[in-house]
Structure formats: C-alpha cells, structure tokens
Amino acid sequence: MADEITIDTIRHFNDYYGFEHLNPMITIGRYAGEMEPGEVTYNFGVYAIYIKETKGCKINYGLTKYDFDEMSVMAFAPGQKVTTTVLPGQEQLRWSVLAFHPDFLTRTALGRKMSAYGFFSYNSNEALHLSKDEVELMQSVMSFIDREIRHAVDRLPVL
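What counts and what doesn't
- Residues numbered from 1 in each chain as written.
- Predicted model: local features only at pLDDT ≥ 70, side-chain atom pairs only at ≥ 80, totals over all residues.
- Heavy atoms only, no water.
- Salt bridge = Lys/Arg side-chain N within 4 Å of Asp/Glu carboxyl O.
- Helix = DSSP H or I, 4+ residues; strand = E, 2+ residues; numbered from the N terminus.
- Buried < 20%, exposed > 50% of the residue type's maximum accessible area, 1.4 Å probe, protein only.
- Phe/Tyr/Trp six-rings, centres within 6.5 Å; stacked < 30°, edge-to-face > 60°.
- Pairing = 2+ DSSP bridges.
- Contact = heavy atoms within 4.5 Å.

Turning our attention to the pattern of salt bridges. Inspection of every chain in the model, using the stated rule, returns three salt bridges. Linking Lys81 and Glu4 is a salt bridge whose minimum nitrogen-to-oxygen distance equals 3.8 Å. One end of the pair, Lys81, is in strand β8 (residues 81-86); the other, Glu4, is in strand β1 (residues 3-7), and 77 residues separate them in sequence. A relative accessible area of 41% places Lys81 in the partly exposed class. With its nearest N and O atoms 3.1 Å apart, the salt bridge here joins Asp146 to Arg150. On the criterion of helical spacing, the pair formed by Asp146 and Arg150 is a turn pair, its members being four residues apart in helix α3 (residues 132-150). What you see here is one network of salt bridges that share partners, running through Glu20, Asp146 and Arg150.

See below:
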C-alpha cells in the first residue's frame, strides 16, 4: 500500500521537499538527493511542472504509466493523483520544479485558459522529452522566476 501525501498549498509543497518558503502562491525548487525506495501517492492541490533530470522512479498518472525518462518535463494540475515508485539501488534523483497555487492565476487571462493546456490533463500520459538546450532554457526561466520571488516587493507610489 502506497503512502498518501496531499499537497494542497505551496507551504505543504515546500515543507515536504525541504524547500525554502518565500511566497504562499509560487515556488521554485531543486531536488538532488536520496528518496526512500517504495511507493508514494501524491494528491495535488497545486499546479506543478517538473524537469526530471535522472532515471530512478516510475510514475503512474491517471490509469496509465507515465512515459518519461531523464531530461523530460511532467506537469500536474490540482485534483490529480500521481503514484511514484522509487526503485532501490538507482542513482541519486535530480529534478527542478515550478509549483504554483491555482489562486495565483485567479482573474487572469492565463487562469481562464488553463484547461486548454493538454499537458495538465489525465488524457496525456507522455512526458515532454527535452534536448540539453531546452533543459537549459527551462532552467534559466525558472532561475529568473526564483530571482523575482526573492526580490523585495515593489512599492508603487500612491496617486
């Protein structure tokens, strides 16, 4: 029987993986470490886009196994359930993630269109496989987002 973890806030997400909690709506994280072998089922209450850099675990997403390997992108949406199986004796896991709460997109054009993005759907059971250049580009974008999260809030003049 797999352990079940519910990740319904960015704080829960950061606490679970040991990431620094800087913003209640969005986070960027980088994981490079050992995970205990076995199965864990994640109940997502946030959006999460992972760049998986190594082999070492299997993922069941919806009713099918997820087709992924190293250097691939996986995207999960609120309300989805994902089961991972970490295999014993595998190399150290490495991945990066952009996670954000659905409220982050409230009343935005992007928020109104999120259901149109098929990569957040159970109907998709293939990861997006990336070239080295594409991985570097995505990691650069995530680095810019991380820098913005760490930046002090801009103060606007009152008119």
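The next thing to look at is the packing of aromatic side chains. Applying the stated criterion to the full structure yields 16 aromatic pairs. Between Tyr16 and Tyr17 the ring centres are 4.8 Å apart and the planes differ by 80°, which places this aromatic pair in the edge-to-face class. Ring geometry for Tyr17 versus Tyr31: centroids 6.3 Å apart, planes at 70°, classification edge-to-face. Taken together, the residues span a long stretch of sequence, with Tyr17 in helix α1 (residues 10-17) and Tyr31 in strand β2 (residues 26-33) at a distance of 14 residues. Residue Tyr17 is classed as buried on the basis of its relative accessible area of 12%. Put simply, the rings of Phe13, Tyr16, Tyr17, Phe19, Tyr31, Tyr42, Phe44, Tyr50, Phe76 and Trp95 touch in pairs and so form one group of aromatic residues.

On to the pairing of strand β3 (residues 38-44), then. Side-chain direction in a regular strand flips from residue to residue, so the side chains alternate between the two faces of the sheet. Of all seven residues in β3, five are buried, a share of seventy percent or more. Here β1 runs beside β3; their pairing, made up of five bridges, is parallel. Across the sheet, the residue bridging to Thr6 is Asn43, located in β3. By the bridge criterion, six bridges tie β3 to β8 in an arrangement that is antiparallel. Bridging across to β8, Thr41 finds its partner in Thr83.

As for its position among the elements, Ala32 is in strand β2. With 62 residues separating them along the chain, Ala32 and Arg94 place their C-alpha atoms 4.4 Å apart. In this structure Ala32 touches Gln92, Leu93 and Arg94, once residues within four positions along its chain are discounted.

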